[in-house]
Amino acid sequence: MAHRCGGALAPENSLAGLEIAARLGCSAVEFDVMLSRDTVPVLMHDETLERTAGLPGRVPDLEGGELAAVDIGRLHHPAFAGECIPRLDTALERCRWLGLAANVEIKPAAGLDEVTARAVIAVVTQCAERDRPAILFSSFSRKALEQVALALPAIPRALLAERYDADILACARALGCGAVHLEATSLRASDVAAVHAAGLWLRAYTVNQVDLACRLVEWGVDGLFSDRPDRLLRLDALSAG
């Protein structure tokens, strides 16, 4: 999956990233969802705008309309100037049009776990199943995953964590998750085996080096998130050949 839509190849969490991922041949993308002050779900990883836009301000303190005007492309590269923060509903529509599955990571600002999950649920339920892309929910927030499990139990879920431990497996099973997503460089082959023995899938983030990707695939990891999907897709094509 292309990490944060386009990874290093486009402004993160942008519609331009979705377009590039599709052109490369990715079948799925991952992106982060946070709430504006007026509870509009938008694609954003950080609570502040400093890193992606070079601007002051916190996402949960700004209205959705204000965030929609924030240029997140200029700092990435002048070629992307004018690329602005998209709303979740727009991103899902674009994914469906491009034929991309969407890993929607619920990324609540501090203290907004349940309200963020409920806003995401509202956007997804407003769209008929036939009119939305294949969706996977993931989150570090167990409270957020509880909300989507109750409201949309048929949509698969994954628990995010920095590293493997037995508590992660127990929590994932309690939340009805089908997978765990773990940081790639912390993984061992025995961790992959333990996750599979528990009946769960394991996907690893963020994998940008071919040698690491090969090792993880050899261990049986079920999916990789990458900032450089172009590298890993070339590897996949060579393997298929």
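Scroll up to find the structure.
Residues numbered from 1 in each chain as written. Predicted model: local features only at pLDDT ≥ 70, side-chain atom pairs only at ≥ 80, totals over all residues. Heavy atoms only, no water.

1. Examining the pattern of salt bridges
And then number 1: Tallied over the entire structure, the rule returns 14 salt bridges.
And then number 2: Taking the shortest distance from any N to any O, the salt bridge between D46 and R51 comes out at 2.8 Å.
And then number 3: Look at D46 and you get buried, because its relative accessible area is 16%.
And then number 4: Taking relative accessible area as the criterion, R51 reaches 43% and is therefore assigned partly exposed. (Salt bridge = Lys/Arg side-chain N within 4 Å of Asp/Glu carboxyl O. Buried < 20%, exposed > 50% of the residue type's maximum accessible area, 1.4 Å probe, protein only.)

2. Some thoughts on the packing of helix α1 (residues 15-24) against helix α4 (residues 88-98)
And then number 1: One can describe the packing of α1 onto α4 by two numbers: an axis separation of 10 Å at closest approach and a directional angle of 15°. Taken together, the axes of α1 and α4 lie roughly parallel to each other. Considering how the two elements wind past one another, α1 and α4 form a crossing that is right-handed. Every residue of α4 that contacts α1 at L15, L18, E19 and A22 is listed here: T90, A91, R94, C95, W97 and L98.
And then number 2: Per-class residue counts for the contact of α1 with α4 are 7 nonpolar, 1 polar and 2 charged. (Axes fitted to C-alpha atoms, helices over the stretch in contact; angles between N-to-C directions. Helix = DSSP H or I, 4+ residues; strand = E, 2+ residues; numbered from the N terminus. Parallel < 35°, antiparallel > 145°, perpendicular 65-115°, else oblique. Left-handed = near helix turned anticlockwise from the far one by under 90°. Contact = heavy atoms within 4.5 Å. Nonpolar A, V, L, I, M, F, W, Y, C, P; charged D, E, K, R; others polar.)

3. Re the environment of L35
And then number 1: Turning to its location among the elements, L35 is positioned in strand β1 (residues 28-35).
And then number 2: Here the alpha-carbon distance between L35 and L62, two residues 27 residues apart in the chain, equals 9.2 Å.
And then number 3: Residues within four places of L35 in sequence aside, it is in contact with V40, P41, V59, P60, V115, T116 and A119.

4. Concerning the nonpolar core
And then number 1: Core analysis: the biggest nonpolar cluster contains 55 residues, and L18, F31, V104 and F137 have the highest contact counts within it.
And then number 2: Counting 12 residues, the second largest nonpolar core, distinct from the first, contains V42, L62, L67 and V70. (Core = buried A, V, L, I, M, F, W, Y, C linked by side-chain atoms within 4.5 Å.)

5. Some points on the environment of H196
And then number 1: Structurally, the position occupied by H196 is in helix α8 (residues 189-197).
And then number 2: Classification of H196 as partly exposed rests on a relative accessible area of 32%.
And then number 3: Sequence-distant contacts of H196, that is, excluding residues within four places in its chain, are made with L202, G220 and D222.
And then number 4: Side chain to side chain, H196 and D222 meet in a polar contact 2.7 Å long. (Polar contact = N/O pair within 3.5 Å; in protein donor to acceptor, adjacent residues only side chain to side chain.)

6. Brief notes about unusual backbone geometry
With the exception of glycine, the majority of residues adopt a negative phi angle, and the majority of peptide bonds are in the trans configuration.
And then number 1: Of note, the amide linkage connecting Y205 to T206 takes the cis form, showing an omega dihedral of -20°.
And then number 2: You will see that R4, though not glycine, has its phi angle at about 50°, which is positive.
And then number 3: Topologically, R4 is positioned in the segment before α1.
And then number 4: Looking at R4, the relative accessible area reads 17%, which means it is buried.
And then number 5: A positive phi angle is found at C5, which is not glycine, with a value near 75°.

7. Things to note about the sheet that holds strand β3 (residues 101-106)
And then number 1: Strand order in the open sheet made by the 8 strands is β2-β1-β3-β4-β5-β6-β7-β8, with mixed pairing throughout. At either margin of the open sheet sits one strand with a lone partner, and together these are β2 (41-43) and β8 (223-224).
And then number 2: Pairing of strand β6 (residues 179-183) with strand β7 (residues 201-205) involves 5 bridges; the strand directions are parallel. The residue bridging L182 from the neighbouring strand is A204, located in β7.
And then number 3: Helix-sheet contacts for α8 involve β6 and β7, and the interaxial angle to β7 is about 145°. (Pairing = 2+ DSSP bridges.)

8. Regarding the environment of A2
And then number 1: Relative to the elements of secondary structure, A2 occurs in the segment before α1.
And then number 2: According to the relative accessible area criterion, A2 is buried, its value standing at 0%.
And then number 3: With sequence-adjacent residues up to four places away left out, A2 is seen in contact with A21, C26, A28, V29, E30, S226 and P229.

9. Here we look at the packing of α4 against helix α5 (residues 113-125)
And then number 1: Where α4 meets α5, the closest approach of the two axes is 10 Å, and the angle between their N-to-C directions is 45°. Classified by the angle their axes make, α4 and α5 are oblique. Judged by the sense of rotation from one axis to the other, the crossing of α4 with α5 is right-handed. Judged by residue contacts, L88, D89 and L92 of α4 engage V120, V123 and V124 from α5.

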